[in-house]
Amino acid sequence: MNWLKYALKRLVLLVPVILSVTFILFVILSLAPGDVARMVLGQDATPEQIAELNHQMGLDRPLIIRYVNYMVDALKLDFGKSWTGNFDVLSEFSHRLPYTLLVSALALVFATGLGIPLGIASAIKQYSLLDYGSTFVVMLLFSMPAFWLGTMCQIFFCLTLRWLPVSGIASWKSFILPPIILGANTLASMIRMSRTSMLDVIKMDYIRTARAKGASNRDVIIHHSIRNSLIPVVTQIGISFAGTIGGAVVTENIFAIPGIGTMLINAVKSRDVPVVMGTVIFITIIVGIINLIVDLICAIVDPRIDLAS
Amino acid sequence: MKKLVLAMLALLMVLLPLAAQATQEAAAVKDSATLVVAGNPYRFFALSPKGCGGDDNLVLSNVYDCLLCLEADGTLSPALAESYELSADGLTYTFHLRKGVKFSNGAEMTAEDVKFTFDKGAKGPLGQALFINFDHCTIIDAYTVEIGLVSPFAAFPYGVASRLGGICCKAYWDQVGDEGYMANPIGTGAYKLVEYVNGDHVKLEANADHWRGAPAIKTITIALVADVNTQILGLQNGDYDVMRNPSIEMCGRFDTMKGIKTSIGNSTARVTVNLNAWSGIGKDLNFRKAVQAAINKDDINKAVNSGAATILKVDICPMYGGYPDHIQGVAYDVAAAKAYLAKSSYNGEPFVITCTAGTTYETVAKVMQAQLIEIGIKCEVEAVDNMTYEERGKKRNFDARVVDEASSLIDADSIATQFTPSRFDQSVWYPRAAEIYAMAQKGRALQGKERTDLYGTIAQILLDEAYTIPLYNGINTVAFNENLNGVQAHCLGYYNFRFWSWK
């Protein structure tokens, strides 16, 4: 039951993280210039109408009171209503989250499914054409920003070949390009990480011992090398998944996917505090849980990791 | 391992052509059209306490009909009112309603709905801006209403044709209230709202029982896409049929492409520069006049609009009611600008032009910066985000500010916006603000030449005092599939979908 105690401890530690993140964010948003009520109602609204809306949004109260009220409501799963849109933050988030998770998960599947085998193959065939080719791909993917790569892919696959839709979520084919673009950087990380890790492992004494005992090359790689080389890669997968959720902000914008990324961008632009706060809280929790799961998986993959300590 | 890598690549190669096949099959059927926009329309009930804005107009203008209709070129035509009369004293409008008009829920539109719309609209956040001088609405009979004003206002019919004048169903509102109406709007318009997915799309369906006849296109989808590149590629690809407001430069490129046409029209906005005249160097009239004479509007127009916009002589658009055609603007004159600067108390301090970042107004500011540096003003550009920009404007915290001043009423009355005392703290009033505002108030009651002359006098004061520098008339653009008929840039930036049809 060590893992359960460990998981509970980590979840408890999430609380101060969420409090710190939300408080800093709340202060920054509150200090930023701009009159939200006037923006919502327009320049011609009367001062009374502006004051009324400010009162409804609670903006006439001191900052600390507003923050405490918000967090108390959030504990009751009431994340409020958008100030600049006509929607409830929690229901909107729950409507959008599946798109973000789907694109992020597909991106990760693409990156790990292609990256780990390619990295391991590069390590096994070090200095071969495959190795040089994969290194070139890694450098290429690292140096191309998502917004540029996304546009280039849209031009080639959507405009020139007319194979895919440019944007939207109308069908399954809308979910081909976005994960590839979102996962491109992670793919490069996976190739590099798994190649390096595999190279380290195959130089270990126990691998040499296995070979000396007459184990076949296939057995050595599958039973002795891969599992051990995957430990840092699993950690990297967790970090990358958290990263893809953040990176989804750009990708969702390019491909017009109605996920939490586009919601967050719009909310920040319009100082929509309930939406920004709610989204950040959810993302913090999701990333925290992902990191926890990664640590637990690491403990399973590598028995030397003692969760109790 | 190699096999696994090859398998992944093979899977990709299989998926992509499959997707291609599906895309080409989907393109075959066409009784719908998709408009792509960057903004997010979400307020579908203009009478709500939350008001509504420009993007909402895309939906409102098609779901609701007004008593009068604002055409793309800014003229008015009859809509739910077959005709109207204005009393001799200019205080009472009598509207004769069209009979047999149905709301999309089947209820008949009557005078009671008109009274409800005007009474509620006048009390809301847009009432003061769009129902100017409104006093009361009286039902004469089921198909006749009288709207009384507290004092005459020549541009009142434009308010009637504005987004706030979309006639709403009173009986339905009694049932569902503001929130219910916002979620499921009911109007007499050519289209009905059938689906709204926040941040993704709005779907409208043709109202087969519309009093003008059923629209040609059954379904209009408004796709919400923030990225302009994606909008452009989607239009070229055929994912979208109409793109709202591409840049002028992009319009030029679209015109050379097969299958895409563009339409460019004047908007109701005027792009001007407001100068600070209440503090710092801006208090010096000679300095303001130096800035005024140093601005080459043609260069700005070329840089921003490829020369397509109409240069403004005064701070009033030519399409506005009350436009004083007889007033001449201030000519670009570098020698005069230098002479004014020499006479001023300018000591080389920075002069900052504030604008919104990443917009064409940043380009305006940068061209102006070069022109002002040329006469010896140490000019800087401060490009800020939209909220900061609005805040600075409200507090009048700027040396100069590039402004896009739109007018829903399409009337010279809009010139008074910067001089409305209640909008600003007294410490940042323009020195002659009260005088200008009083004149504009008087102008509301006048008609014909008398009115034009008065707005001419106001415009001349603004030029003489160099409070604002009018640059150019805003433009609206639209790019669309060449097989789509009836698409036209509207002066208020929305579209009447009922005109659209496929060839």
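So, a few notes on the structure that sits alongside this text. (Residues numbered from 1 in each chain as written. Chains lettered and ligands numbered in written order. Predicted model: local features only at pLDDT ≥ 70, side-chain atom pairs only at ≥ 80, totals over all residues. Heavy atoms only, no water.)

### What about the interface of chain B and chain A?
The partner chain A presents 53 residues to the 50 residues of chain B that form the contact. Taken together, the two surfaces of chain B and chain A that pack against each other cover about 4500 Å², and 61% of this comes from carbon and sulfur. One salt bridge connects D385(B) with R271(A), and the closest N-O pair in it is separated by 3.2 Å. Looking at the side of chain B that touches chain A, the elements that each hand over two or more residues are helix 1 (2-26), helix 4 (127-130), helix 6 (170-183), helix 7 (228-237) and helix 13 (386-395) of chain B. Tallied by class, residues from the side of chain B that touches chain A come to 25 nonpolar, 13 polar and 12 charged. (Contact = heavy atoms within 4.5 Å. Buried area = accessible area lost by both parts, 1.4 Å probe. Salt bridge = Lys/Arg side-chain N within 4 Å of Asp/Glu carboxyl O. Helix = DSSP H or I, 4+ residues; strand = E, 2+ residues; numbered from the N terminus. Nonpolar A, V, L, I, M, F, W, Y, C, P; charged D, E, K, R; others polar.)

### A short note on the pairing of strand 7 (residues 144-149) of chain B
Residues and elements named next belong to chain B. Across the 6 residues of strand 7, 5 count as buried, placing the element largely inside the fold. As paired strands, strand 5 (residues 92-97) and strand 7 are joined by 5 bridges and run antiparallel to one another. In the sheet register, T94 faces strand 7, and the bridge partner there is E146. Pairing of strand 6 (residues 134-141) with strand 7 involves 6 bridges; the strand directions are antiparallel. The residue of strand 7 that forms the bridge with H136 is G148. (Buried < 20%, exposed > 50% of the residue type's maximum accessible area, 1.4 Å probe, protein only. Pairing = 2+ DSSP bridges.)

### Overview of the pairing of strand 12 (residues 260-275) of chain B
Residues and elements named next belong to chain B. Most of strand 12 sits inside the fold, with 13 of its 16 residues counted as buried. Sheet analysis places strand 12 next to strand 16 (residues 468-481), joined by 12 bridges and oriented antiparallel. Considered in strand 16, the bridge of V273 is made with I469. Relative to strand 15 (residues 400-405), strand 12 is paired through 6 bridges, and the arrangement is antiparallel. The residue bridging L275 from the neighbouring strand is A400, located in strand 15.

### Structural notes on the pattern of salt bridges
All names here are of chain B. In total, this model carries 24 salt bridges over all chains according to the counting rule given. Between R288 and E465 there is a salt bridge, with the nearest N and O atoms lying 3.6 Å from each other. Within this pair, whereas R288 is found in helix 9 (residues 285-294), its partner E465 is found in helix 15 (residues 448-465), the two being separated by 177 residues in sequence. Like R288, the residue E465 is buried in the burial classification. A single network of salt bridges, built from pairs that share partners, joins R288, R432, E435 and E465.

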